[in-house]
Amino acid sequence: LPYGAARVPVTISHRVKFEDVAQVTPQAVMLLVAGTPAEGAACGEYLNYFKTKERAGVARLKGSAMDFYILPPSAVEHAGLLKGVEEEKMDESRKWIGSAQGLVGVLAK
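Criteria and cut-off values
- Residues numbered from 1 in each chain as written.
- Predicted model: local features only at pLDDT ≥ 70, side-chain atom pairs only at ≥ 80, totals over all residues.
- Heavy atoms only, no water.
- Helix = DSSP H or I, 4+ residues; strand = E, 2+ residues; numbered from the N terminus.
- Phe/Tyr/Trp six-rings, centres within 6.5 Å; stacked < 30°, edge-to-face > 60°.
- Buried < 20%, exposed > 50% of the residue type's maximum accessible area, 1.4 Å probe, protein only.
- Pairing = 2+ DSSP bridges.
- Axes fitted to C-alpha atoms, helices over the stretch in contact; angles between N-to-C directions.

(A) Unusual backbone geometry, seen in detail. Positive phi, close to 55°, is recorded for E54, a residue that is not glycine. Along the chain, E54 turns up in the loop between α2 (37-53) and β3 (55-60).

This is how it looks when you write it as structure tokens:
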């Protein structure tokens, strides 16, 4: 979160295959990191679950036509989130995402 931003809880309502995330139109892609040790433990549990089951979590956003997808960094290319990105930017994105110690959030239609 940007400094001073309010925290808003997100409820994951269901899970989808990584291939299903590839079918959506991303509006924003962000790295999600834990702010506290307790959040770090929960983040690690989600990360392990999503990797093991090869699934992404989906949160329905109230009052929005978009959904919020949460997936492990290792699934970003599998889900096609870097398609259409210039090769130079893609290499830089791979480096940051590959070293991420958290989850990836995708706001999509």
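(B) Up close: the packing of aromatic side chains. For the structure shown, the criterion picks out two aromatic pairs. Between Y46 and F50, the aromatic rings sit 5.7 Å apart at their centres with planes inclined by 25°, giving stacked as the arrangement. One end of the pair, Y46, and the other, F50, are both in helix α2, four residues apart, so they sit about a helical turn from each other. Judged by relative accessible area, which is 0%, F50 ranks as buried. When the ring of Y49 is compared with that of F50, the centres are 5.7 Å apart and the planes differ by 70°; the resulting orientation is edge-to-face.

(C) The pairing of strand β4 (residues 67-71), seen in detail. Across the five residues that make up β4, a large majority, five, are buried. Burial along β4 is two-sided: the face carrying D67, Y69 and L71 and the face carrying F68 and I70 are both buried. Pairing analysis gives four bridges linking β3 to β4, with the strands arranged antiparallel. The residue of β4 that forms the bridge with G57 is I70.

(D) Just the sheet that holds β4, in detail. The strand order across the open sheet formed by five strands is β1-β3-β4-β5-β2, and the pairing between neighbours is antiparallel. The open sheet is flanked by β1 (14-17) and β2 (26-32), the only strands paired with a single partner. Within this sheet the neighbouring strands show an average axis-to-axis angle of 30°, counted without direction.

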